[in-house]
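Spelled out, the chains give:
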Amino acid sequence: MNITATPFDLRLRHTFTISRGSRDIEPCILTEFEHEGIVGYGEAAPSARYGETTDTVIAFLRRVDLRRFNDPFDLDTILAYVGGLAPGNTAAKASVDLALHDWIGRRLGQPLWRLWGFDGTKRLQTSFTIGIDSLPLIEKKVREAEPYNILKVKVGVPNDEEIIRTIRKVTDKLIRVDANEGWSTKEAARDKILWLEEQGVEFVEQPLPAAMNRDMPWLRAQVHIPLIADESVMVLSDIPGLRDAFDGINIKLMKSTGLREGLRMVHAAQAMGMKVMLGCMIESSIAISAAAQLSPVADYADLDGNILTTNDPFSGVRVEEGALVLNYAPGLGVERR
Ligand code: MG
């Protein structure tokens, strides 16, 4: 059993800006897990927000020695070993988890959603992300988002209201808003959210910095639409502490260390009455298709990272009429283009 890692660059259709910064290229790492002649694919999309870069992912994966195991189905043992190698490194860990899951599906000839017993005919709408931009470019992007029924709008900058007004001039589509920790006081967040409610916004993601979780129950009591945790939640053990702070959680495989922990998080959130959103980084179809395997049991999807790029080396889950369409290909349901 062996795993290899190959860095590659995803090129972005447009410069992508959120409240933290801008970029044109997203460096990712392809992992390939080979055993008994079958190759499973995984991917790491490292995020500086969580202390990862291509170099940290490669350095971590160099330490992963799967030759000590002989049964890829023994995920508990293997992933406990990978998880224990170092703290953090969640995207690097996810790339191992994804490759193992893909291998298992390919070995059994079934997509993961079928192995998990999910209803694969359920087509969850996914939002299309509108990054922060000049107002004319935002208008252009909204028009490009034609096939999508839901827009996820990045805010958390001084001209938030102008951004939303510009979009509302062009479309009456459902809008979700992501502040990416961009509002710095709870009062400012309250004022912004009350205004957004009047614009018909469905929910707001991560209004305050993760370090301000303590202020969230106050904020939640002041507003009427759901507040979803993103930067405030990484893994399963974070969820109980957020029960009074948020109405739901955004699960991203690159934060959760992969599908195994991600599925546990779905169950935990639902047991606590919290909504489940599936999110992504800028990723290829490998990681997007992996997250989509969970879509039949999620409430909201924001799985558009691959669509924001121009050189996705893989194909997998498709979007039809704004909804994720799972396929019957084994594992993550992906293949090289
Ligand atoms: Mg977010």
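In every chain, residue numbers begin from 1 and rise along the written sequence. Totals for whole chains, interfaces and linings use every residue, but because this is a predicted model, local features are given only for residues with pLDDT of at least 70 and side-chain atom pairs only at 80 or more, for both listing and counting. Side-chain figures throughout are based on the complete set of non-hydrogen atoms in the structure, without hydrogens or water.

## Regarding the overall build of the chain
A run of DSSP states H or I qualifies as a helix once it reaches four residues; a run of E qualifies as a strand once it reaches two. Both are numbered from the N-terminal end. Each helix and strand counted, the chain has 11 helices and 15 strands in total. Over its C-alpha trace the chain gives a radius of gyration of 19 Å, about what one expects of a compact globule, namely 20 Å for 337 residues. Note on contacts: a residue pair is in contact if any heavy atoms of the two residues lie within 4.5 Å. Residue pairs in contact within the chain that sit at least 24 positions apart in sequence constitute 68% of those at least 6 positions apart. Accessible area of the chain: about 13300 Å², with a carbon and sulfur share of 49%. Positive and negative side-chain charges of the chain, numbering 39 and 47 respectively, have mean locations separated by a distance of 0 Å. Atoms considered for the radius of gyration are the C-alpha atoms alone. The globule rule reads 2.2 Å times the number of residues to the power 0.38. Surface accessibility follows the Shrake-Rupley procedure with a 1.4 Å probe radius. Residue values consider only the protein chains on display as shielding. Charged residues are defined here as Lys and Arg on the positive side and Asp and Glu on the negative side; His and the ends of the chain fall outside this count. Note on charges: their place is set at NZ of Lys, CZ of Arg, CG of Asp or CD of Glu.

## As for a nonpolar patch on the surface
What makes a patch is a set of residues exposed beyond 30% relative accessible area and free of salt bridges, joined within 9 Å when like-charged and within 5 Å when nonpolar (Val, Leu, Ile, Met, Phe, Trp, Tyr). What counts as a salt bridge is simple: a side-chain nitrogen of Lys or Arg found within 4 Å of a carboxyl oxygen of Asp or Glu. Taken together, the side chains of F73, L108 and L115 make up a nonpolar region of the molecular surface, amounting to roughly 250 Å² of accessible area. By secondary structure assignment, the location of L115 is in helix 4 (residues 112-115). For the exposure calls, accessible area comes from a 1.4 Å probe over protein chains only, and a residue counts as buried if that area is under 20% of its type's maximum, exposed if over 50%, partly exposed in between. Classification of L115 as partly exposed rests on a relative accessible area of 37%.

## Observations regarding the environment of K140
Structurally, the position occupied by K140 is in helix 5 (residues 135-144). Each C-alpha atom of the pair K140 and M254 lies 29 Å from the other, and the pair is 114 residues apart in sequence.

## What about the pattern of salt bridges?
The final tally for this structure, using the stated rule, is 28 salt bridges. A salt bridge links R67 to D65, with the shortest nitrogen-to-oxygen separation between them at 2.9 Å. Here E187 and K186 are joined by a salt bridge, their closest N and O atoms 3.7 Å apart. Look at K186 and you get partly exposed, because its relative accessible area is 22%. Where salt bridges share partners, they join K152, K154, D178, E205 and D302 into one cluster.

## Focus on the domain arrangement of the chain
In many reports, interface size means the accessible area that the parts give up when they come together. Its domain assignment divides the chain into domain 1 (2-109) and domain 2 (114-336). Contacts between the two partners involve 43 residues from domain 1 and, on the opposite side, 50 residues from domain 2. Buried surface area refers to the total accessible area, computed with a probe of radius 1.4 Å, that the two partners give up upon joining, counted for both partners together. Across the domain 1 to domain 2 interface the summed buried area is about 3700 Å²; carbon plus sulfur atoms make up 61%. Run the count over domain 1 and domain 2 and you get six salt bridges. Across the salt bridge formed by E181 and R49, the nearest N and O atoms sit 2.9 Å from each other. N or O atoms closer than or at 3.5 Å make up a polar contact, with two conditions inside protein: a donor-capable atom paired with an acceptor-capable one, and, for residues adjacent in sequence, both atoms drawn from side chains. Connecting domain 1 to domain 2 are 23 residue pairs in polar contact (both at pLDDT 80 or more). Elements supplying a minimum of two residues to the side of domain 1 that touches domain 2: strand 1 (2-18), strand 2 (21-35), strand 3 (38-44), helix 2 (75-84) and helix 3 (90-108). The split of the chain into domains comes from an automatic or database domain assignment.

## Structural notes on the sheet that holds strand 3
Think of it this way: DSSP has to see at least two bridges between two strands before they count as a pair. Read across the sheet, three strands follow the order 1-2-3 without closing on themselves; strand pairing throughout is antiparallel. Both outer strands of the open sheet, strand 1 and strand 3, are each paired with one neighbouring strand and no more. Neighbour-to-neighbour, the strand axes of the sheet open up by a mean angle of 25°, direction not taken into account. When strand 2 meets strand 3, the two strands line up antiparallel, connected through seven bridges. Looking across to strand 3, one finds that F33 is bridged to G40. Only the contacting stretch of a helix is used when fitting its axis, a line to C-alpha atoms as for every element, and angles between N-to-C directions run 0 to 180 degrees.

## Describing the coordination of the magnesium ion
For the magnesium ion, every protein donor is listed as D178 (OD), E205 (OE) and D230 (OD), and the spread of their distances is 2.1 to 2.3 Å. For D178, a relative accessible area of 0% puts it in the buried group. Taking the relative accessible area as the measure of exposure, D230 reaches 0% and is therefore buried. The donor definition counts N, O and S atoms within 2.8 Å of each metal and applies 3.2 Å to Na, K and Ca; water is not among these atoms, so some sites may look incomplete.

## Brief notes about the side chain of N180
Here N180 lies in the loop between strand 6 (174-178) and helix 7 (186-198). Using a relative accessible area of 4% as the deciding quantity, one classes N180 as buried. Residue contacts for N180: discarding those within four places in its chain leaves I18, S19, R20, K154, E205, Q206 and E231.

## Quick notes on the packing of aromatic side chains
The description of an aromatic ring pair rests on the distance of the ring centres and on the angle between the ring planes. Note on aromatic contacts: the rings of Phe and Tyr and the six-membered ring of Trp form a pair at centre separations within 6.5 Å, being stacked when their planes are under 30 degrees apart, edge-to-face when over 60 apart, and tilted otherwise. A full pass over the atoms with the stated rule returns eight aromatic pairs. Centre to centre, the rings of W116 and F118 are 5.7 Å apart; their planes meet at 50°, and the pair counts as tilted. By relative accessible area, W116 is classed as partly exposed at 25%. An aromatic cluster of at least three residues, connected via ring pairs, comprises F33, F73 and W103. To sit over a ring, a charge needs its Lys NZ or Arg CZ within 6 Å of the ring centre and within 35 degrees of the ring normal. Cation over ring: K186 sits above W218, and NZ or CZ is 5.1 Å from the ring centre.

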